[in-house]
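# Architecture at a glance
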Amino acid sequence: MILRRLKAHIEKENWFAVGIDFCIVVIGVFIGLQVANWNVVRADQIRTVALLERLDRDFEGMRVRAVEQNRQFYDNTVKLNKLLSRAEDADDIITDEEAGQLLNGALLFRTPQAAPISFQEMLAAGRLELLRDPALRRVLREYAASARVVESGSDLIANDYIVVLRELSPSITVTRAPNAIGAESATGVAALSVAALREDPKVRGLVTHLFLGHGNMQSLTEQQISSIDEVLRGLRASAESQP
């Protein structure tokens, strides 16, 4: 329509009308491009907000689990320290069953999750640059580095832990119960030989190793919680700044 009218004005040499039609075409193209650009920016903003919300939710859930694990590692270090202290006191009459109860919790060992799935997916897909906030990108990169330290450290402790349990097994009595397929499996420690703990340096060394392992895991989870808190502060500050 505009082009036909522009052609007609040119044929009639009506240059004023040609100029007006030309301006209308240019303005229309400009507005169309601006709308397209606005739609792209708006779509990016929607994706960014959705990503921030998902990361916040996942990191918050991970923090809850990390705090619980940290508490468990702390409780286990307290129990193991009590077990070692009582074993060193020759006048302390501690039964094998009491020793087993103090050891039992320390055998329930779970390595912490290094990073939420949403964060791992974002890094794998190269979507970190979708977040326009440079401060948030820096915090997330620092968390990724911290998570690798936690993961490698906890893997080393966990592998060592398996060896310790295998070496300690002759001195412990386990409780057993039927599992999902009907076979019996170990469910906990019923007793630990106090005589072996007091008289055998190897057994005492193994329990001390467990004590140190849980203490190290407590330190790692404290480091993880601190890193998660940094991420959550960055995510929430970035979310508040979104238009």
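The rules behind the values
Residues numbered from 1 in each chain as written. Predicted model: local features only at pLDDT ≥ 70, side-chain atom pairs only at ≥ 80, totals over all residues. Heavy atoms only, no water. Helix = DSSP H or I, 4+ residues; strand = E, 2+ residues; numbered from the N terminus. Buried < 20%, exposed > 50% of the residue type's maximum accessible area, 1.4 Å probe, protein only. Contact = heavy atoms within 4.5 Å. Areas by Shrake-Rupley, 256 points an atom, 1.4 Å probe, with all protein chains shown as cover. Salt bridge = Lys/Arg side-chain N within 4 Å of Asp/Glu carboxyl O. Arc of directions from axis to C-beta. Phe/Tyr/Trp six-rings, centres within 6.5 Å; stacked < 30°, edge-to-face > 60°. Core = buried A, V, L, I, M, F, W, Y, C linked by side-chain atoms within 4.5 Å. Axes fitted to C-alpha atoms, helices over the stretch in contact; angles between N-to-C directions. Parallel < 35°, antiparallel > 145°, perpendicular 65-115°, else oblique. Nonpolar A, V, L, I, M, F, W, Y, C, P; charged D, E, K, R; others polar. Expected span 1.5 Å × (residues − 1). Polar contact = N/O pair within 3.5 Å; in protein donor to acceptor, adjacent residues only side chain to side chain.

### Observations concerning the overall build of the protein chain
A tally of regular secondary structure across the protein chain gives seven helices and two strands. For the protein chain, the sequential pattern of α-helices and β-strands runs α-α-α-α-α-β-β-α-α. Burial status across the protein chain gives 36% buried among its 243 residues. Within the protein chain, contacts between residues at least 6 apart in sequence are counted, and of these 72% link residues at least 24 apart. Summed over its atoms, the accessible surface of the protein chain is roughly 14500 Å², and 58% of this surface lies on carbon and sulfur atoms.

### Details of the environment of Leu210
Take Leu210: it is sitting in helix H7 (residues 201-240). Beyond its immediate stretch of four places on either side in the chain, Leu210 contacts Leu80, Leu103, Leu107, Tyr161, Val164 and Leu168.

### Description of the pattern of salt bridges
The full count for this structure, using the stated rule, is 12 salt bridges. A salt bridge links Glu98 to Arg86; the nearest nitrogen and oxygen atoms lie 3.9 Å apart. Taken as a pair, Glu98 in helix H3 (residues 96-104) and Arg86 in helix H2 (residues 15-88) lie far apart in primary sequence, 12 residues in all. It is possible to trace a salt-bridge network through shared partners that takes in Arg54, Asp58 and Glu121.

### Quick look at H3
It helps to recall that an α-helix has 3.6 residues per turn; residues three or four apart then point in one direction. All of the buried residues in H3 are Ala99, Gly100, Leu102 and Leu103. Looking straight down H3, one finds its buried side chains confined to an arc of 165°; they lie on one side.

### Some words on the environment of Phe119
Its location among the elements puts Phe119 in helix H4 (residues 117-124). In sequence terms Phe119 and Ala144 are 25 residues apart; their C-alpha atoms lie 8.9 Å from each other.

### Some details on the packing of aromatic side chains
Counting across every chain of the model gives three aromatic pairs. Judged by centre distance (5.1 Å) and plane angle (85°), the ring pair of Phe59 and Tyr143 falls under edge-to-face. On the criterion of sequence distance, the pair formed by Phe59 in helix H2 and Tyr143 in helix H5 (residues 134-168) is long-range, its members being 84 residues apart. The exposure class of Phe59 is buried, given its relative accessible area of 0%. On the accessibility criterion, Tyr143 (2% relative accessible area) is buried.

### Concerning the nonpolar core
Leu83, Leu103, Leu168 and Leu210 are the most contacted members of the largest nonpolar core, which has 23 residues in total. Counting only elements with at least two residues in this core, the list comes to H2, H3, H5, strand E2 (184-192), helix H6 (194-199) and H7.

### Quick look at the side chain of Ser227
Considering the arrangement of structural elements, one finds Ser227 in helix H7. If we ignore the near neighbours within four places in the chain, the residues touching Ser227 are Tyr143 and Ser146.

### Section: the packing of H4 against H5
Put simply, H4 and H5 touch, their axes get as near as 12 Å, and they point 105° apart. Classed by the angle they form, the pair H4 and H5 counts as roughly perpendicular. Along its contact with H4, which presents Phe119, Met122 and Leu123, the element H5 presents Leu140, Tyr143 and Ala144. Residues that form the contact of H4 with H5 fall into these classes: six nonpolar, no polar and no charged.

### A short note on H5
With 35 residues, H5 extends 50 Å between its outermost C-alpha atoms, agreeing within 8% with the 51 Å of an ideal straight helix rising 1.5 Å per residue. The N-capping residue of H5, defined by a side-chain oxygen 3.0 Å from the backbone nitrogen of Ala135, is Asp133.

### Things to note about the environment of Tyr74
Tracing the backbone shows Tyr74 in helix H2. Expressed as a C-alpha distance, the spacing of Tyr74 and Asn216, which sit 142 residues apart in the sequence, is 9.9 Å.

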